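Survey of secondary and tertiary structure
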Amino acid sequence: MLKYPKARVLGVLLAISAATPVIANDEGKALFGQCRACHAIGPDAKTQYGPVLNGVMNRAAMVEEGYSYSDAFKKASEGGLTWDNDTMAAFLAAPMSYISGTKMAYPGVKSDEDIQHIINYLSLFDEHGNQAGLVAETSQERPDEDPKERMLAANFVLPDHGVFHLGRKALNEEVAAWDIDVRPDGTGLPVGSGDALTGMDLYDAQCASCHGDFGEGTGRWPILAGGHDTLTEERPEKTIGSYWPYLSTVFDYVRRAMPFGNARSLSDDDVYAITAYLLYLNDEVDEEFELTSENFTSIALPNEANFIADNRTDEPNRQINVNELCMTDCIATPVEVTQRALVLDVTPDE
Amino acid sequence: MKKPKDTIDSSRRRQLIKTGMAVTGGISASLVVASKANAATPDPLITEIQDWNRYLGDGVDARPYGLPSKFETDAVRRDVAWLTADPKASVNFTPLHKLDGIITPNGLCFERHHGGVAEIAPSSHRLMINGLVNNPLVFTMEDLMRFPRENHLYFLECAANTGMEWRGAQLNGCQFTHGMVHNVMYSGVKLKHVLAEAGLKGNAKWLLPEGADASHMTRSIPIEKGLDDCLIVTHMNGEALRPEQGYPLRLVVPGWEGNMWVKWLRRIEVGDKPWHHREETSKYTDLLEDGTARRFTWEMEVKSVITNPSPQAPINHGRGQTVLTGIAWSGYGRVKRVDVSIDGGRNWTTARLDPHSFSKSLHRFYFDFDWDGRELFLQSRAIDEFGHVQPTKNQLRAARGVNSIYHNNSIQTWHVKNDGVVENVEVS
């Protein structure tokens, strides 16, 4: 059985027929809901964004071994910070001013009463996350069941995860079916391979009609190859070879979105072969080249180093002082039209 | 019901001809007649009994879902056919010049798709949370409706809004120059509640939302933003999301590039590094003059535009009392002030800001003035609560060149000629 078969969650009463008396101290549990975005507590608690809070009360600060606390926290702990009722209450009221520089980006709990409820709740758990006299039992989810029937069944127990106990555990097959994303470091690449020549046949049959025989793009369909050294020219041509920073993006995008109108139809080996061919069209490899899950991360694209972080805040136009904004006679010369939209005449007719 | 309608229409046509007004110009001509200072002849709209004064209109059973008046033919989204190869991976634009206030009606919110509009039955939709979480979870729409709900008004601007204007004045109408923005009251749940349900692991730093449509849209979002103000929403302006806005589930990323607001949201992966997917490398990176490109330029900077008068909304009434209005917004917070110039930036007056001011929402400004009939060069300049000032086109080009495509928040100029016709121009 679950700890709280009938739980009161943020004032919402989940009416379930298998009724058992409501257990007290639900306030503390409900209030702790706002902490669960970052903290876990209980026998199965695992490190989240914040440390596990098992047995935190009446102990020296930094309870979770191995958690990487901020320097601010380390300093406070070295200074002898211990969590008793008073220190915890002061901390929870305003974490960021109590320990200035803490990673706990949380404004604080408003009411003293709520703080006491939370502290009482924290005090329930020993360092293993167990509560006196309560034994946890895990529930088995059966996703193919009719949810209504399941909930009305006499032996229904709420799932044990999270705050609201909503949703169900994802099955491995389900995660595998959707989680196809690939990162520059190769995370997410499926095992497989394909060579440029095989890729050429696939490309000619399934991609060339839009992207052109050589990746030059037919009509207004996107260009995929060429454009080397055009990024500083008046009309830059941004292609995989001239612009894209990472090869993983090509693999990931083709696998998730192409061919346009028939997404997810290519096999993993097809995607390796087409990616190899796109490298060939961009003069990065020769036609013998075979791309594999093994050699994938050894291929770097030429423009990778030219991507920089957002530094818009350094621009002169971001340093304008509002109080010095000109309001009258700001420009000495009379107005002169330097460009007109009507000359271009590219606006669609009404 | 069908028959009387025919007679109404033909009798109305007779009446219009009788009163000497061309059928096509009927509406605007009557407006002009009514607004003349002295009428030579009595206005037949007043002296004669009109059809709608006599005959009955539609009953309550005629329009189960109400639509705008049939006379509002101009209040429609428009696209620019030459921009893209296929309308299923394209964009259309909000008719800003037809709107007032700060809410964008659902049917007029601009659309941007990469694989057409997915039509998904709520019962067939799932949201998965996986990656660096303690419990990978799957939610149905019913599950998601049981999280605590909130309402927030936010603008959504495509990072490419005004992108066609970098090199100079190009498109003649604020719908086309600035229409990739809308402002909607969203209802839904805080993303952090849904993430907490799965339990974030200690090394969780990035989120990858993914759409269920044929483009499987993905973007990398830092976890701090996800835990701050991001929402997972089911409703817009009170009703269920429109299909073209991601029905049944959309991610809301307040103040940041519209592309990140993944529609038809079906999965959020939690990771420790960004993914560098197509929409944050090939697209939505800002190429500078020296050949380097900025990436992860998420915030939409402070911006404004005058929506009336504008090329699609000329001044038809001649000189005298004139209402100038427009919208202003900032991805950082509230707009605090909007200045207006009618002489191409020589002199500025602070406009009247409508008091409905919300963080990361459109703001409405008005400037009422007495037009003397001379040509005007209209500009607006927004300032947000953090002191960010909307730059001029030249200031922005000096910093970025003209090949950035995205994040053009510069000051727009409209040229009003003596006859009230308006054109998109650039001035010295």
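Here the structure is a predicted model, which means the values were calculated and not measured.

1. Observations regarding the overall build of chain B
- In terms of regular secondary structure, chain B is built from 9 helices and 23 strands.
- Computed over C-alpha atoms, the radius of gyration of chain B comes to 24 Å, within 12% of the 22 Å expected from 2.2 N^0.38 for 428 residues, which places it in the range of a compact globule.
- Reported as C-alpha extents along the three principal axes, the dimensions of chain B are approximately 80 × 60 × 40 Å.
- Per-residue burial over chain B gives 61% buried out of 428 residues.

2. Quick notes on the nonpolar core
- Core analysis: the largest hydrophobic core is formed by 92 residues, its most contacted members being B:L127, B:I129, B:F139, B:V194, B:L195, B:I232 and B:V270.
- Membership of the second largest hydrophobic core comes to 39 residues, among which are A:I240, A:V254, A:V285 and A:F296.

3. A few points about the packing of helix α3 (residues 85-93) of chain A against helix α5 (residues 112-123) of chain A
Residues and elements named next belong to chain A.
- Contact geometry of α3 with α5 gives a least axis separation of 10 Å together with a crossing angle of 125°. Relative to α5, the element α3 lies oblique. Where α3 crosses over α5, the two elements pack in a sense that is right-handed. Along the contact surface, α3 presents N85, M88, A89, L92 and A93, while α5 presents I115, Q116, I118, I119 and L122.
- Its residues placed into classes, the contact of α3 with α5 shows 8 nonpolar, 2 polar and no charged.

4. So, the pattern of salt bridges
- In the structure shown here, the tally under the stated rule is 43 salt bridges over all chains.
- The shortest N-O distance in the salt bridge between B:E280 and B:R219 comes to 3.5 Å. Taken together, the positions of B:E280 in the loop between β12 (265-271) and β13 (286-287) and B:R219 in the loop between β7 (206-211) and β8 (221-222) put the pair 61 residues apart, joining distant regions of the chain. Just as B:E280 is buried, B:R219 falls in that class too.
- A salt bridge links B:E426 to B:R397; its shortest N-O distance comes to 2.7 Å. Taken together, the residues B:E426 in strand β23 (residues 422-427) and B:R397 in helix α9 (residues 393-400) connect sequence positions 29 residues apart. Like B:R397, B:E426 is buried.
- Because the salt bridges share partners, they merge into one network encompassing A:D179, A:D181, A:D252, A:R256, B:E210, B:R266, B:R267 and B:E269.

5. Details of the interface of chain A and chain B
- Each side of the interface is counted separately: chain A has 85 residues, and chain B has 112 residues.
- Three residues stand out in chain A for area buried against chain B, namely A:L166, A:W178 and A:R312, and they jointly supply 9% of the buried area on that side.
- The interface formed by chain A and chain B holds 12 salt bridges in total.
- In this structure, B:R294 engages A:E315 in a salt bridge whose closest nitrogen and oxygen atoms are separated by 2.8 Å.
- In this structure, the connection of chain A to chain B is made through 51 residue pairs in polar contact (both at pLDDT 80 or more).
- When contributions to the side of chain A that touches chain B are tallied by element, the ones reaching two or more residues are β5 (168-169), α7 (172-178), α10 (247-257), β8 (307-308), β9 (337-340) and α12 (341-344) of chain A.
- Here the element with the most residues in the side of chain A that touches chain B is α10(A); it accounts for 5 residues.

6. Quick word on the state of the cysteines
- The final tally for this structure, using the stated rule, is 1 disulfide over all chains.
- Covalent S-S linkage joins A:C326 and A:C330, the inter-sulfur distance amounting to 2.2 Å. Residues A:C326 and A:C330 are joined by a disulfide whose S-S torsion is about -100°; by sign, that bridge is left-handed.
- Here A:C326 falls in the partly exposed class, since its relative accessible area comes to 31%.
- Counting only cysteine sulfurs, B:C158 is the nearest neighbor of B:C109, a cysteine outside any disulfide, at a range of 14 Å.

7. Describing the side chain of A:H161
- With respect to the secondary-structure elements, A:H161 resides in the loop between α6 (147-152) and β5.
- The exposure class of A:H161 is buried, given its relative accessible area of 2%.

8. Some details on the domain arrangement of chain A
- Partitioning chain A into structural domains gives domain 1 (5-123) and domain 2 (176-306).
- For domain 1 of chain A versus domain 2 of chain A, the separation of C-alpha centres amounts to 48 Å.

9. Things to note about the pairing of strand β22 (residues 413-416) of chain B
Residue and element names in this part refer to chain B.
- Residues T413 and H415 of β22 are buried on one face, and the alternating residues W414 and V416, pointing to the opposite face, are buried as well.
- By the bridge criterion, 4 bridges tie strand β21 (residues 376-384) to β22 in an arrangement that is antiparallel. Counted as the bridge partner of F377 is H415 from β22.
- When β22 meets β23, the two strands line up antiparallel, connected through 4 bridges. Counted as the bridge partner of T413 is V425 from β23.
- In textbook terms, the turn of a hairpin is the stretch between consecutive antiparallel strands, and for β22 and β23 this stretch comprises 5 residues, one of which, G420, has a positive phi near 90°.

10. With respect to a negative patch on the surface
- A cluster of acidic side chains, namely A:D201, A:D204, A:D213 and A:E216, defines a negative patch on the protein surface.
- Residue placement: A:D204 occurs in helix α8 (residues 196-206).

11. Quick word on helix α11 (residues 268-281) of chain A
Residues and elements named next belong to chain A.
- The end-to-end C-alpha distance of α11, which contains 14 residues, comes to 20 Å, matching closely the 20 Å that a straight helix rising 1.5 Å per residue would cover.
- Counting buried residues along α11, 10 of its 14 residues qualify, which places the element largely inside the surrounding structure.
- Considered for burial, the residues of α11 that qualify are V271, Y272, A273, I274, T275, A276, Y277, L278, L279 and L281.
- Residues of α11 that are buried sit in contact with β6 (193-195), α8, α10 and β7 (290-292).
- Just beyond α11, the residue with positive phi is D283, at close to 60°.

12. Details of the confidence of the model for chain A
Residue and element names in this part refer to chain A.
- Across chain A, pLDDT averages 85, with 85% of residues at or above 70.
- Of the regions scoring below 50 in pLDDT, residues 1-24 engages in 37 contacts with residues more than four places distant in sequence or in other chains.
- Of the regions scoring below 50 in pLDDT, residues 133-144 engages in 17 contacts with residues more than four places distant in sequence or in other chains.

13. Some points on a nonpolar patch on the surface
- Together, B:L45, B:I46 and B:W52 make up a nonpolar patch on the protein surface, roughly 360 Å² of accessible area in all.
- Examined against the element boundaries, B:I46 turns out to sit in helix α3 (residues 44-47).

14. A look at the packing of aromatic side chains
- One pass over the full model with this rule turns up 26 aromatic pairs over all chains.
- Both rings, one in A:Y203 and one in A:Y277, keep their centres 5.4 Å apart while their planes meet at 55°; by these two values the pair is tilted. Residue A:Y203 is located in helix α8, and its partner A:Y277 is located in helix α11; the two are separated by 74 residues in the primary sequence.
- Residue classification places A:Y277 among the buried residues on the basis of a relative accessible area of 5%.
- Between B:F93 and B:F176, the ring centres sit 5.8 Å apart and the planes meet at 70°, which makes this aromatic pair edge-to-face. Taken together, the residues B:F93 in strand β2 (residues 92-93) and B:F176 in helix α6 (residues 174-178) connect sequence positions 83 residues apart. Like B:F93, the residue B:F176 is buried in the burial classification.
- Linked through ring pairs, A:Y67, A:Y69, A:F73, A:W83, A:F91 and A:Y98 together constitute an aromatic cluster.
- Sitting over the face of the ring of A:W178, B:R266 holds its NZ or CZ atom 4.1 Å from the ring centroid.

The rules behind these values
- Residues numbered from 1 in each chain as written.
- Chains lettered and ligands numbered in written order.
- Predicted model: local features only at pLDDT ≥ 70, side-chain atom pairs only at ≥ 80, totals over all residues.
- Heavy atoms only, no water.
- Helix = DSSP H or I, 4+ residues; strand = E, 2+ residues; numbered from the N terminus.
- Rg over C-alpha atoms; globule rule 2.2 N^0.38 Å.
- Buried < 20%, exposed > 50% of the residue type's maximum accessible area, 1.4 Å probe, protein only.
- Core = buried A, V, L, I, M, F, W, Y, C linked by side-chain atoms within 4.5 Å.
- Axes fitted to C-alpha atoms, helices over the stretch in contact; angles between N-to-C directions.
- Parallel < 35°, antiparallel > 145°, perpendicular 65-115°, else oblique.
- Left-handed = near helix turned anticlockwise from the far one by under 90°.
- Contact = heavy atoms within 4.5 Å.
- Nonpolar A, V, L, I, M, F, W, Y, C, P; charged D, E, K, R; others polar.
- Salt bridge = Lys/Arg side-chain N within 4 Å of Asp/Glu carboxyl O.
- Buried area = accessible area lost by both parts, 1.4 Å probe.
- Polar contact = N/O pair within 3.5 Å; in protein donor to acceptor, adjacent residues only side chain to side chain.
- Disulfide = S-S within 2.5 Å.
- Domains from an automatic or database assignment.
- Pairing = 2+ DSSP bridges.
- Patch = residues over 30% accessible without salt bridge, like charges linked within 9 Å, V, L, I, M, F, W, Y side chains within 5 Å.
- Areas by Shrake-Rupley, 256 points an atom, 1.4 Å probe, with all protein chains shown as cover.
- Lys, Arg positive; Asp, Glu negative; His and termini not counted.
- Charge placed at Lys NZ, Arg CZ, Asp CG, Glu CD.
- Expected span 1.5 Å × (residues − 1).
- pLDDT = per-residue confidence, 0-100.
- Phe/Tyr/Trp six-rings, centres within 6.5 Å; stacked < 30°, edge-to-face > 60°.
- Lys NZ or Arg CZ within 6 Å of the ring centre and 35° of its normal.

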